[in-house]
Amino acid sequence: NKAQAWSARFSEPVSDLVKRYTASVDFDKRMAMQDIQGSLAHAQMLAKVGVISSQDFADIERGMTIIGQEIASGQFQWSLDLEDVHLNIEKRLVELIGDAGKRLHTGRSRNDQVATDIRLWLREQIDLIQLQLKSLRRTLAEQALIYADTIMPGFTHLQVAQPVTFGHHLMAYAEMFTRDAERLADCRARVNRLPLGAAALAGTSYPIDREQVAKTLGFDGVCQNSLDAVSDRDFAIEFCAASAIVMVHISRLSEELVLWMSPKVGFITLADRFCTGSSIMPQKKNPDVPELARGKTGRVNGHLMALLTLMKGQPLAYNKDNQEDKEGLFDTADTVRDTLTIFADMMKGLTVHAQNMQAAARQGFATATDLADYLVKKGLPFRDAHEVVAHAVLTCEKRGCDLADLSLDELKAFDDRIDSTVHEVLTLEGSVNARDHIGGTAPAQVKAAAQAMLKTLSSQ
Ligand code: ARG
C-alpha cells in the first residue's frame, strides 16, 4: 500500500471502511491554507538554521504557491488514501518539486503541525466573529438610542413588574455581547501560541528556532512544553465555551423576539426576510430565524460537551482521539459567525409597535412600586407602604381599573399622606424617569449608556 506516507512498516492495507473511519481529509482540508502557511514558516526557519538549503526553501515556496492555486481553484486532487490535509499536501509537494519536498517534514510531526493549523484557523475565526459581535453591539446601541424613551413593561417571572424602556432592554443584550467579546479576546491570547517545534512529543534534535517561526506566523509566543504543545486542546474548549455563552445570549434574545412577535403580545414585527410562511395556513408569518437560532444553541452547547469529553481521558501526549476535535470546532465557529451576522441585520430591521408596548405597560400595575416609594418619601416605612399599595392594587383588580384611574379621594382612603402630586408618580414616564442613575432605565441613562458603547466601539 504505497500511497500512505508511513506504509513501509505495514504488511497489509487497511480495509476501505477503516480507511474512511480513520481519514480526516474530508473535513480537515478546510485548514489547507493554514497548513501551507505553517509549512512555509517551518521551511523558512529550517533554511535559516541550515538544516535545509535555501534552494530547498525556494523550491518549497514555489511548490506551495502552485498547490495553493490548485486548492483555491478546486483542481487539487484530494485523496482519502492520504488520510489528512497534511499528507495530501506533502505528497503533492513531492510530486511537484521532488527531494526538497521530502525534506519539509524534517524536525516536524503531524502532531505539532495539526495543532498549529487549528490555532491559525481558529485565530482567524475569532477575528471574524469579533467583527460580527461588534456590528451586532453597534446595531443594538443605535436602536437603543432610537428607543431610549419607548416604554414597555419590564417582567420578572414573565409577570409585569415595572416599566422599562425598550432601549434599556436592548442595551441589556449589548452588555451580554460585550462580555462575549471580552471572553473571546481573552481566549485568543491562549490560542495564539505556537506548538511547532514540539515535533511528535519530545521536541527535535535539529537546531530549530521556534521564536522565529512564531514571529513569522504572528503568534505571541511558543508553547513552553512539547508534551503539552501537541496534546493541549484547552484553547478549543475555551473557544467552544465562549461560543456556547454567545449562543445562550442569542437564544434568550430569540425567545423574546418570538414572544414579542406573537400577535398576543405584538411588541415588534421582524422584517419579512427573516420570516417564513406556512404551507397550509395562509395567514402565517413565522419568526423562523430566531427560532432556528434558539435551536442551534443546542448543537453549539453539544460541541462544548463533546470536546470536554474528548479530552477527559487522554494520557499525554498526542492520541488519535484528537482528530475528533475538528468537526465540532468548525461547526461552532460557522454557527456563531453566521448567527451573529444575521442578527446584526435582523435587529436593524425591527419594526417596533410602541403603542402596544405602552398599553401593555399600563396593565399589571407596573407603577405599584412607585406608589410605595412615594409613601416612603412621605415618611411611611417601606414594608408598611408595600402593604398599603397591595390593598390599593386589590381594589383596582376587583374594579378592573389601574392605580392611575383612582381619584385622589379614593387614593387618600388608603393613606391620607397621599396628595395631588401622586398622579405624576403613577405615570409610566414618571416611573422610568425616576430611575436616573448608572444602570437605571431612565431615558437619559439609556442614551448615555448607548452613546458610551458606540464611542468605545468606534475607538476599537
Ligand atoms: N489528522 C490528524 C489529526 O487531526 C493529524 C495528526 C495525526 N498524527 C498522528 N500521529 N496520527 O489529529
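Residues numbered from 1 in each chain as written. Predicted model: local features only at pLDDT ≥ 70, side-chain atom pairs only at ≥ 80, totals over all residues.

1. Overview of the overall build of the protein chain
For step 1, the next point in the chain: Counting its regular elements, the protein chain contains 20 helices and six strands.
For step 2, the next point in the chain: By the compact-globule yardstick of 23 Å for 460 residues, the protein chain is too spread out, its C-alpha radius of gyration being 30 Å.
For step 3, the next point in the chain: Across the 460 residues of the protein chain, 41% fall into the buried class. (Helix = DSSP H or I, 4+ residues; strand = E, 2+ residues; numbered from the N terminus. Rg over C-alpha atoms; globule rule 2.2 N^0.38 Å. Buried ≥ 20, exposed ≤ 12 C-beta atoms within 10 Å, placed from the backbone.)

2. Some words on the pairing of strand β1 (residues 151-156)
For step 1, the next point in the chain: Both β1 and strand β2 (residues 159-165) contribute to a ladder of six bridges, which runs antiparallel. Looking across to β2, one finds that Pro153 is bridged to Pro163.
For step 2, the next point in the chain: The hairpin formed by β1 and β2 contains two residues between the paired strands, and His157 there has a positive phi angle of roughly 60°. (Pairing = 2+ DSSP bridges.)

3. Some remarks on the confidence of the model for the protein chain
For step 1, the next point in the chain: Per-residue confidence for the protein chain gives a mean pLDDT of 96, with 98% of residues at or over 70.
For step 2, the next point in the chain: Scored by ipTM, the complex comes to 0.97, with pTM at 0.94. (pLDDT = per-residue confidence, 0-100.)

4. Some thoughts on the nonpolar core
For step 1, the next point in the chain: Residues Leu140, Ala144, Ala174, Phe239 and Leu371 are the most contacted members of the largest nonpolar core, which totals 114 residues.
For step 2, the next point in the chain: Broken down by element, the residue count for this core peaks at 13 residues, all from helix α7 (residues 110-146).
For step 3, the next point in the chain: Each residue touching Leu140, except ones within four places of it in the same chain, is listed here: Leu170, Met171, Tyr173, Ala174 and Met347. (Core = buried A, V, L, I, M, F, W, Y, C linked by C-beta atoms within 7 Å. Contact = placed C-beta atoms within 7 Å.)

5. Quick look at the UniProt feature "domain: Fumarate lyase N-terminal" (unreviewed entry) in the protein chain
For step 1, the next point in the chain: With numbering matched to this structure, UniProt assigns "domain: Fumarate lyase N-terminal" (unreviewed entry) to residues 9-302.
For step 2, the next point in the chain: Secondary structure content for residues 9-302 is 63% helix and 6% strand, and the end C-alpha separation is 39 Å. (UniProt positions renumbered as here; feature names shortened; annotations may be inferred.)

6. Focus: the site of the ligand
For step 1, the next point in the chain: All residues adjacent to the ligand are Ser24, Asp28, Asp84, Arg110, Asn111, Val114, Tyr318, Lys320, Asn322 and Gln323.
For step 2, the next point in the chain: The greatest single-element share of the shell around the ligand, amounting to three residues, is contributed by α7.
For step 3, the next point in the chain: Looking at the shell around the ligand, you find at least three residues from each of domain 1 (7-106) and domain 2 (121-144 + 165-207 + 221-354). (Near = placed C-beta within 6 Å. Domains from an automatic or database assignment.)

7. Looking at helix α16 (residues 382-399)
For step 1, the next point in the chain: If you check α16, its first and last C-alpha atoms are 26 Å apart, about what 18 residues at 1.5 Å a residue would give, namely 26 Å.
For step 2, the next point in the chain: When we look at burial in α16, the residues that qualify are Ala385, Val389 and Ala392. Within α16, the buried residues cover an arc of 55° as seen down the axis, which keeps them to one side. Summarising the geometry of α16, the exposed residues directed more than 90 degrees from the buried face are Arg383, His391, Leu394, Glu397 and Lys398.
For step 3, the next point in the chain: Elements in contact with the buried residues of α16: α15 (368-377).
For step 4, the next point in the chain: Taken from the residues just after α16, Gly400 is the one with a positive phi, measuring 70°. (Expected span 1.5 Å × (residues − 1). Arc of directions from axis to C-beta.)

8. Looking at the UniProt feature "domain: Argininosuccinate lyase C-terminal" (unreviewed entry) in the protein chain
For step 1, the next point in the chain: Under the UniProt annotation, "domain: Argininosuccinate lyase C-terminal" (unreviewed entry) lies at residues 365-433.
For step 2, the next point in the chain: Between the C-alpha atoms that bound residues 365-433 the distance is 17 Å, and the span itself is 64% helix and 0% strand.

9. A short note on the environment of Arg417
For step 1, the next point in the chain: Here Arg417 is to be found in the loop between α17 (408-412) and α18 (422-426).
For step 2, the next point in the chain: Here the alpha-carbon distance between Arg417 and Lys320, two residues 97 residues apart in the chain, equals 77 Å.
For step 3, the next point in the chain: The contacts of Arg417, once residues within four sequence positions are left out, are Leu375, Lys378, Gly379 and Leu380.

10. Some remarks on helix α12 (residues 288-312)
For step 1, the next point in the chain: Compared with an ideal rise of 1.5 Å per residue, which puts 25 residues at 36 Å, α12 spans 37 Å between its outermost C-alpha atoms and is within 8% of the ideal.
For step 2, the next point in the chain: All of the buried residues along α12 are Val289, Pro290, Ala293, Thr297, Val300, His303, Leu304 and Leu307.

11. Describing the domain arrangement of the protein chain
The parts lose accessible area when they come together, and the size of an interface is often stated as this lost area.
For step 1, the next point in the chain: Along its sequence, the protein chain is organised into domain 1 (7-106), domain 2 (121-144 + 165-207 + 221-354) and domain 3 (364-459).
For step 2, the next point in the chain: Summarising the inter-unit geometry, the C-alpha centres of domain 1 and domain 2 are found 31 Å apart.
For step 3, the next point in the chain: Counting residues at the interface gives eleven residues for domain 1 and eight residues for domain 2.
For step 4, the next point in the chain: Secondary structure elements with two or more residues in the side of domain 1 that touches domain 2: α2 (25-28) and α3 (32-48).
For step 5, the next point in the chain: Counting residues per element, the side of domain 1 that touches domain 2 draws most heavily on α3, at three residues.
For step 6, the next point in the chain: Tallied by class, the residues present in the side of domain 1 that touches domain 2 amount to four nonpolar, five polar and two charged. (Nonpolar A, V, L, I, M, F, W, Y, C, P; charged D, E, K, R; others polar.)

12. Observations regarding the environment of Leu120
For step 1, the next point in the chain: Within the fold, Leu120 resides in helix α7.
For step 2, the next point in the chain: Leaving out residues up to four positions away in the same chain, Leu120 has contacts with Gln34, Gln37, Gly38 and Leu217.

13. Side note on unusual backbone geometry
For step 1, the next point in the chain: At the junction of Leu316 and Ala317, the peptide bond is cis and its omega measures out at 0° in the coordinates.
For step 2, the next point in the chain: Residue placement: Ala317 occurs in the loop between α12 and α13 (325-348).
For step 3, the next point in the chain: Phi is positive for Glu83, which is not a glycine, with a value near 65°.
For step 4, the next point in the chain: Secondary-structure assignment places Glu83 in the loop between α4 (54-72) and α5 (85-97).
For step 5, the next point in the chain: Given 21 C-beta atoms within 10 Å, Glu83 falls into the buried group.
For step 6, the next point in the chain: Non-glycine residue His157 carries a positive phi angle of around 60°.

14. Some thoughts on the packing of α7 against helix α11 (residues 234-261)
For step 1, the next point in the chain: Where α7 contacts α11, the axes come no closer than 11 Å and their chain directions differ by 25°. The angle between the axes of α7 and α11 places the two elements in the roughly parallel class. Seen from above, α7 lies across α11 with left-handed handedness. Facing Ile118, Arg119, Leu122 and Ile126 of α7, the residues of α11 in contact are Phe235, Ala236 and Phe239.
For step 2, the next point in the chain: Considering only residue class, the contact of α7 with α11 consists of six nonpolar, no polar and one charged. (Axes fitted to C-alpha atoms, helices over the stretch in contact; angles between N-to-C directions. Parallel < 35°, antiparallel > 145°, perpendicular 65-115°, else oblique. Left-handed = near helix turned anticlockwise from the far one by under 90°.)

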